[in-house]
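Listed below, chain by chain, are the residues.
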Amino acid sequence: MTHWIDVAAEADLFEGAGIAVAPEGQDIAVFKLEDGGVHAINNLCSHGNAKLCDGFVEGHQVECPFHQALFDVRDGTVSCGPATEPVKSWPVKIEGGRVFLNLQT
Ligand code: FES
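Residues numbered from 1 in each chain as written. Predicted model: local features only at pLDDT ≥ 70, side-chain atom pairs only at ≥ 80, totals over all residues.

Trainee: How should the overall build of the protein chain be read in this particular structure?
Mentor: Helix and strand content of the protein chain: 0 helices and 11 strands. Tracing the protein chain from N to C terminus, the helices and strands come up as β-β-β-β-β-β-β-β-β-β-β. Against the 2.2 N^0.38 benchmark of 13 Å for 105 residues, the protein chain shows a C-alpha radius of gyration of 13 Å, consistent with a compact globule. Referenced to the eigenvectors of the C-alpha coordinate spread, the extents of the protein chain come out at roughly 40 × 25 × 15 Å. Within the protein chain, contacts between residues separated by at least 24 positions form 41% of all contacts whose residues are at least 6 apart in sequence. (Helix = DSSP H or I, 4+ residues; strand = E, 2+ residues; numbered from the N terminus. Rg over C-alpha atoms; globule rule 2.2 N^0.38 Å. Contact = placed C-beta atoms within 7 Å.)

Here it is, written out as structure tokens:
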């Protein structure tokens, strides 16, 4: 059975920015892009103790607020160092104005 968890209202999201959510003890950043797409990746940068929800979003990338590594919010891959490891990405769905994440992946 797929296990979707309600983490936020769609209205809590801001275009071009991230918010932090903490379902089941996870630390996850949810981003809404200018194209309307909503994506979730682990909030903790893979390079250090920085929160990606505080990063600057441009296009589909978020810039780590500490050392400016760039992550693709759609799949967590690194587009620019100093980070070298991707961050985990999580499936998202929007239903009835709520944002759901699937943590069983
Ligand atoms: S902590 Fe994110 S790039 Fe260094």
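Here the narrative resumes, following the displayed structure.
Trainee: Even after reading the chapter, I still don't get the nonpolar core, so can you show me in this structure?
Mentor: Most often, soluble globular proteins keep nonpolar side chains buried together rather than apart. Counting residues in each nonpolar core, the largest one holds 23 residues, and the members touching the most others are Ile28, Ala29, Val30, Ala40, Ile41, Leu52 and Phe71. In terms of residue count, the dominant contributor to this core is strand S3 (residues 28–32) (4 residues). If we ignore the near neighbours within four places in the chain, the residues touching Leu52 are Gly18, Ala29, Ile41, Asn43, Cys45, Val62, Cys64 and Phe71. (Core = buried A, V, L, I, M, F, W, Y, C linked by C-beta atoms within 7 Å. Buried ≥ 20, exposed ≤ 12 C-beta atoms within 10 Å, placed from the backbone.)

Trainee: It is not clear to me how the UniProt feature "domain: Rieske" (unreviewed entry) in the protein chain should be interpreted in this structure. Could you clarify?
Mentor: As annotated in UniProt, the feature "domain: Rieske" (unreviewed entry) corresponds to residues 5–101 in the numbering used here. For residues 5–101, the end-to-end C-alpha separation is 5 Å, with 0% helix and 43% strand making up the annotated structure. (UniProt positions renumbered as here; feature names shortened; annotations may be inferred.)

Trainee: So what exactly am I meant to see when it comes to the sheet that holds strand S9 (residues 89–90) here?
Mentor: Two strands in a sheet stick together by hydrogen bonds in their backbones, pointing the same way (parallel) or opposite ways (antiparallel). Taking strand neighbours across the sheet as the criterion, the 4 strands line up as S2-S3-S4-S9 in an open arrangement whose pairing is antiparallel. Looking at which strands have only one partner, the edges of the open sheet turn out to be strand S2 (17–21) and S9. As defined by bridge partners, S3 adjoins strand S4 (residues 38–42) across 5 bridges and the pair is classed as antiparallel. In the sheet register, Ile28 faces S4, and the bridge partner there is Asn42. (Pairing = 2+ DSSP bridges.)

Trainee: Got a minute to help me understand the sheet that holds strand S7 (residues 70–72) in this structure?
Mentor: Reading across the sheet, the 4 strands line up as S5-S6-S7-S8 and stay open at both edges, with antiparallel pairing between neighbours. Across the chains shown, the open sheet's two edge strands, defined by having one partner strand only, are strand S5 (56–58) and strand S8 (78–80). Each adjacent strand pair in this sheet contributes to an overall mean axis angle of 30°, direction not counted. Examined bridge by bridge, strand S6 (residues 61–63) and S7 share 3 bridges and lie antiparallel to one another. By the bridge assignment for S7, Gln61 is matched with Asp72. (Axes fitted to C-alpha atoms, helices over the stretch in contact; angles between N-to-C directions.)

Trainee: Before we go on, may I ask you to explain the environment of Gln26 in this structure?
Mentor: With respect to the helices, strands and loops of the structure, Gln26 is situated in the loop between S2 and S3. Among the residues examined, Gln26 registers 16 C-beta atoms within 10 Å and is labelled partly exposed. Sequence separation between Gln26 and Asn43 is 17 residues; the distance between their C-alpha atoms is 8.9 Å.

Trainee: Help me understand the environment of Gly25, please; the structure alone is not making it clear to me.
Mentor: Relative to the helices and strands, Gly25 is located in the loop between S2 and S3. Linking Gly25 and Lys51, residues 26 residues apart in sequence, is a C-alpha distance of 15 Å.

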